[in-house]
Amino acid sequence: MKTLICDCNRTMNLDGPALAAALEQVPGVDTDGLQTVHTLLCRREAPAFQKAAKGGDDLLVACTQEQRLFLELNEQTEGARSVQERPIRFVNIRENAGWSRSSATGEPAAAAAVLPKLAALIAAAQRPDPDPVPVVTYRSQGRALVIGPADRAEAAALRLQDRLDVELLCTPQGGGRSATGVAQRRDRLVHAGTPTRITGWLGQFEVQWESANPIDLDLCTRCNACLEVCPEGAIGLDYQIDLSRCKSHRACVRVCEAAGAIDFQREAKADEGRFDLILDLREEPAFTQHQWPQGYRHVPPTAGQEALWDAVTQLRELVGEFDKPKFFQYKQKLCAHSRNEKTGCTACIDVCSAKAVRSDGSLKGKTSAVAKARRPDAQHVVGGQGGGIVVEPFLCVGCGACTTVCPTGALSYQTPTAPEMGGRIRTMLQAWRAASGLERPGAPIVLIHSQEQGTALIEELARASRLGRRGADGQVLRGLPARVLPVGVWHTASTGLDIWLSALCWGAAEVVVMLTGEEAPDYRLALQEQAALARALWQGLGYAGEGVRLLDAASPLHAPSGVQPPASGAPLERLAELDRGLAAIVADHTRDRAPLPPALKPATFTVLPEKRATLELCIDHLMAGAAAKPEAIALPGGQTFGSSPFGTLVVNTEACTLCLSCVGACPQSALADNPEKPQLRFVEKNCVQCGLCETTCPENAISLQPRLWLADEGKARKQLRVLHEVEPFRCIRCSKPFGTLRAIESMVAKLASHPAFAGAGADRLKMCGDCRVIDLHTNPNEVRITDL
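Nothing here was measured: the structure is a model prediction, and the numbers come from that model.

> Got a sec to walk through the sheet that holds strand β7 (residues 165-170)? Specific residues and values, please.
The 5 strands lie next to each other as β8-β7-β6-β12-β13, forming an open sheet whose pairing is parallel. Two strands close off the open sheet at either side, each with one partner strand: β8 (190-192) and β13 (296-298). Across the sheet, the axes of successive neighbouring strands diverge by a mean angle of 15 degrees, strand direction being ignored. Note: strand β6 (residues 143-148) against strand β12 (residues 277-280), 4 bridges, orientation parallel. Counted as the bridge partner of A144 is L277 from β12. Strands in contact with helix α6 (residues 150-160) are β6, β7 and β12; relative to β7, the strand with the most contacts, it is inclined by about 175 degrees.

> Help me get a handle on the packing of helix α2 (residues 46-54) against helix α3 (residues 67-76), residues and values and all.
Contact pair α2 / α3: the axes reach a minimum separation of 10 Å and the direction vectors enclose 60 degrees. Looking at the two axes, α2 sits oblique to α3. With respect to the hand of their crossing, α2 and α3 are arranged in right-handed fashion. Taken together, the residues of α3 that come into contact with α2 (itself represented by A46, F49, Q50 and A53) are F70, L73 and N74. Of the residues assigned to the contact of α2 with α3, the class counts are 5 nonpolar, 2 polar and no charged.

> Break down the packing of helix α1 (residues 16-23) against helix α5 (residues 111-125) for me, citing the residues and quoting the values.
Close contact between α1 and α5 brings their axes to 10 Å; oriented N to C, the two are set at 60 degrees. Taken together, the axes of α1 and α5 lie oblique to each other. Handedness of the crossing formed by α1 with α5: right-handed. In this structure, α1 contributes A18, L19 and L23 to the contact, and α5 contributes L115, L118, A119, I122 and A123. A per-class count over the contact of α1 with α5 returns 8 nonpolar, no polar and no charged.

> An account of unusual backbone geometry is needed here, citing residue identities and associated values.
Looking along the chain, the bond that leaves T415 and enters P416 is cis, with omega of 5 degrees. By secondary structure assignment, the location of P416 is in the loop between β21 (411-413) and α13 (418-436).

> Hey, could you go over the nonpolar core for me, with residue numbers and the actual values?
Counting 80 residues, the largest nonpolar core has L19, L23 and W500 as its most contacted members. Looking at this core, the element that brings in the most residues is α5, giving 10 residues. The contact partners of L23, leaving out residues within four places of it in the chain, are V29, T31, L34, A119, I122, A123 and A431. Ranked by size, the runner-up nonpolar core spans 64 residues in total, among them A153, L160, C252 and L395.

> Kindly report on the sheet that holds strand β4 (residues 88-90), identifying the contributing residues and their values.
With respect to topology, 4 strands assemble into an open sheet ordered β2-β1-β3-β4, the strand pairing being parallel. Edge strands, defined here as strands with exactly one partner in the open sheet, are β2 (37-38) and β4. In terms of strand pairing, strand β1 (residues 2-6) meets β2 through 2 bridges, oriented parallel. For C6, the partnering residue across the bridge sits in β2 and is H38. Across the sheet, α2 touches β1, β2, β3 (59-61) and β4, and the angle it forms with β3 is around 155 degrees.

> Lay out the packing of aromatic side chains with the relevant residues and their values.
Applying the stated rule across the entire model yields 11 aromatic pairs. Between F327 and Y413, the aromatic rings sit 6.5 Å apart at their centres with planes inclined by 20 degrees, giving stacked as the arrangement. Here Y413 lies in strand β21 and F327 lies in the loop between β14 (320-325) and β15 (328-330), a separation of 86 residues in the sequence. Residues F327 and Y413 agree in their burial class; the two are buried. Positioned above the aromatic ring of W99, the side-chain terminus of R94 is 4.2 Å from the ring centre. Just above the ring of W309 sits the side chain of R159; from NZ or CZ to the centre is 4.2 Å.

> So what's going on with the environment of L281? Residues and values would help.
With respect to the element layout, L281 can be found in the loop between β12 and β13. Sequence spacing of L281 and M767 is 486 residues, and the spatial spacing of their C-alpha atoms is 72 Å. Once residues lying within four places of it in the same chain are set aside, the contact partners of L281 are V146, I147, G148, P149, R152, A153, A156, V299, P300, P301 and L308.

> I'd like a description of the pairing of β12, backed by residues and values.
Residues of β12 alternate between two faces, with L277 and L279 on one and I278 and D280 on the opposite face, all of them buried. Examined bridge by bridge, β12 and β13 share 3 bridges and lie parallel to one another. For D280, the partnering residue across the bridge sits in β13 and is H298.

> Lay out the pattern of salt bridges with the relevant residues and their values.
Applying the stated criterion across every chain, the model contains 30 salt bridges. Notably, a salt bridge pairs R717 with E616, separated by 2.8 Å at the nearest N-O pair. Within this pair, whereas R717 is found in the loop between β30 (702-709) and β31 (721-725), its partner E616 is found in helix α18 (residues 611-624), the two being separated by 101 residues in sequence. The exposure classification of R717 matches that of E616, with both residues buried. Between K736 and D770 there is a salt bridge, and its shortest N-O distance comes to 3.5 Å. With K736 in the loop between β32 (728-730) and β33 (737-740) and D770 in helix α23 (residues 769-778), this pair connects stretches of sequence that are 34 residues apart. Look at K736 and you get partly exposed, because its relative accessible area is 37%. A relative accessible area of 52% means that D770 is categorised as exposed. Where salt bridges share partners, they join D473, E573, E577 and R580 into one cluster.

What counts as what
- Residues numbered from 1 in each chain as written.
- Predicted model: local features only at pLDDT ≥ 70, side-chain atom pairs only at ≥ 80, totals over all residues.
- Heavy atoms only, no water.
- Pairing = 2+ DSSP bridges.
- Helix = DSSP H or I, 4+ residues; strand = E, 2+ residues; numbered from the N terminus.
- Axes fitted to C-alpha atoms, helices over the stretch in contact; angles between N-to-C directions.
- Contact = heavy atoms within 4.5 Å.
- Parallel < 35°, antiparallel > 145°, perpendicular 65-115°, else oblique.
- Left-handed = near helix turned anticlockwise from the far one by under 90°.
- Nonpolar A, V, L, I, M, F, W, Y, C, P; charged D, E, K, R; others polar.
- Core = buried A, V, L, I, M, F, W, Y, C linked by side-chain atoms within 4.5 Å.
- Buried < 20%, exposed > 50% of the residue type's maximum accessible area, 1.4 Å probe, protein only.
- Phe/Tyr/Trp six-rings, centres within 6.5 Å; stacked < 30°, edge-to-face > 60°.
- Lys NZ or Arg CZ within 6 Å of the ring centre and 35° of its normal.
- Salt bridge = Lys/Arg side-chain N within 4 Å of Asp/Glu carboxyl O.

Just distances and angles here, no functional claims.
Listed below in structure tokens is the structure:
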């Protein structure tokens, strides 16, 4: 792969030969082209790009600003392969690295300072493309429903009708008479009523509404005679009657006798329809979740005309077929949501901002016939086989928060997969070390940010730094620090413990997740809880620093005391606050502090598809280099979204009868019995703290205790240990051991009032299975079938 780098008219300090020499040490990286630093590759030196394009090798251009120009230039270059045959890759080294300033001098960063980051960015950009993922296809024929007061609904319909097949659902005006109402010409279907249920997504919306309007809009001729004769003015041009103003004169009924459209005795009518798109103009949206379904837009009356135009413009384009990635993979056998209609982990259901995840715990392994009948495309629904969850891919928007909070790995992110994301970060850290010659001292800080707003913020910060802009505190903005390594993802909630801890094991000084305000509130809370878990593990093993932290770049904070801040929400102050936050994080790793243990060398493992397997690799590696090896690390409990993925069980031995119902409920085989004697055994490594054992236990004898148990160098948590054991109860007839004393006593007490176990029958409960049968057949007092 040939790489073309450019210093953008000498605004960056680049050392091509040094960069090439560093990347020669990184496996899989091609250094061809790196020795030459161009100055105006997009202008005067464009022939150099054309020459490279005709060379036939894969091509990487270290510029994203002029991506469109280079693609057009490739098409116009004779002998160059098309991008369909040979895609051209692009990487941004200017805003991500070159346009930054030294925190010490405020001058543009020197070539040596940005060299490790440049090496990391280029190495990651040269990685092979990830495998394609399945897609979900929306099909829209452009049938749109506009819901709201007649005036606004008709105005919106006029802007949509040349592109979409529009219907109106006019809702009551709330005491006011419609001034303009619906159009006089019957150009479209008009319904009246109040929506009672709206479900679905782009191309598959189902709407139900109920109408108590005495005027039947199908029979109404819009002659307006009823409006003319109504003395109270209770009828508007939306042809609905405000019953709170109507005084029962019924003059409207008399003038409409021929058409028969007005009937005050008509019962409320329910109706329904299927639509591809919905424009909702009511005060409150039809959906309460943070992320609405694709194809639904809500514009309240207070939003203004600009918001309405934005919604109309978006809806006009939603006709045809649209593909999106299927962002997740679900493995039901790993799911700890439910067993035997008992509910355990609900983290994914609770956190999903699109309400794309729902429980399927009551079906007990049976596919719902009703669901099959309603959804001919049910093969797209993931789950639905009972005992777990159902994930609706048409509602999923790809945030990945469900995969982050999932303690078992039953839900995994696919765009990219954990191995692909981990491989990218690992490659970047390898390239960084090769270019810097350092392992822990001066190690990079991995900054995970969203590809949209996160990237935009970083680029704006770099531009402000390049121009020498100053914040409200008078400090020049320094841009993205040389030690901060940006990693863009579709959504910041899609990474979690396995990726974060792996990055620390590979040599990152810290992992920072940047929040920009585009996240749902629940995602922020989920990330805070996951970061607290990672921090507890990192610091519990004696490592210095935060390990993992969140950086809130959502809005500017107040200026320092005595400094007049700019206007609220000013972009420059938001950038200045981000700049100060990044500088503070870097300062945490440069000031005098306890050094990291020298024994913690960069790990060699890769991220595995199984989340818990990766976490085990991380724990083993961190333990190997830990200065402190406590017997146990207490982990945060009582979280909103799930619990700690590690922990133990506390069994009340006074209450436990060893019925072993918890063993059958455990989805991860953390609990086990002993065929030889009454024992409840436990493998702590397998426990995901889902709580199914706790909810299943009939005696309420089990409670969860989040922790990471590290006894015996971490080996103890991987072995079976006994939580509770008792001597077996012996058959009162043959002395064969069976059951436990507490279980037999409990059973006798519960069945004491049952006539089948009265008198001598109670003794059979104390017999083994064989003796019970013998006693039944040898007792002469037993009633036999022949006696009946």
